[in-house]
Amino acid sequence: MRRKPAALRAKPGDAYKQSEMRLFLKVEDEGAGPDYTRLTVTVDGKTAYTDHAPDRNAAEVFYPDHVHAVGEHLLEAVAYDRAGNKSAKLRYRYHVTAD
């Protein structure tokens, strides 16, 4: 039986207020389970860091600070499952507005 590789999904959203902005990535996998330690994320071409949030079964993108800066942003992410299967690249545009 062939297993599907890890998949990333993003909730679509037009704009987020800067003071309320939190960015989460949920990795879904039908086989071995997601490997959040291998999640690679960039925002506007710069490496971003994530922290696994088990209570949300997701990873929060929290650094660098420009992740939350006012303006238009492009997040790109690739995930892996525990068997080493690689997901397709997720591209997600989002906009942060001033409070």
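Described below are features of the structure shown in this document. The model shown is predicted, which means the values in this text are computed figures rather than measured ones. (Residues numbered from 1 in each chain as written. Predicted model: local features only at pLDDT ≥ 70, side-chain atom pairs only at ≥ 80, totals over all residues. Heavy atoms only, no water.)

## Some thoughts on the side chain of His-66
Moving on, step 1. Its location among the elements puts His-66 in the loop between strand 6 (58-63) and strand 7 (71-78).
Moving on, step 2. Of the residues examined, His-66 reaches a relative accessible area of 18% and is grouped as buried.
Moving on, step 3. Separated by 2.8 Å, the side chain of His-66 and the backbone oxygen of Val-43 make a polar contact.
Moving on, step 4. Those residues in contact with His-66 that sit more than four places away from it in its chain are Val-43, Asp-44, Lys-46 and His-73. (Helix = DSSP H or I, 4+ residues; strand = E, 2+ residues; numbered from the N terminus. Buried < 20%, exposed > 50% of the residue type's maximum accessible area, 1.4 Å probe, protein only. Polar contact = N/O pair within 3.5 Å; in protein donor to acceptor, adjacent residues only side chain to side chain. Contact = heavy atoms within 4.5 Å.)

## Some thoughts on the pairing of strand 3 (residues 23-28)
Moving on, step 1. Taking every second residue as pointing to the same face, the buried face of strand 3 carries Leu-23, Leu-25 and Val-27, while none of Phe-24, Lys-26 and Glu-28 on the other face is buried.
Moving on, step 2. Inspection of the sheet shows strand 3 paired to strand 6 by 3 bridges, in the antiparallel sense. Residue pairing in the sheet places Phe-24 in a bridge with Glu-60 of strand 6. (Pairing = 2+ DSSP bridges.)

In short, geometric facts, not functional conclusions.
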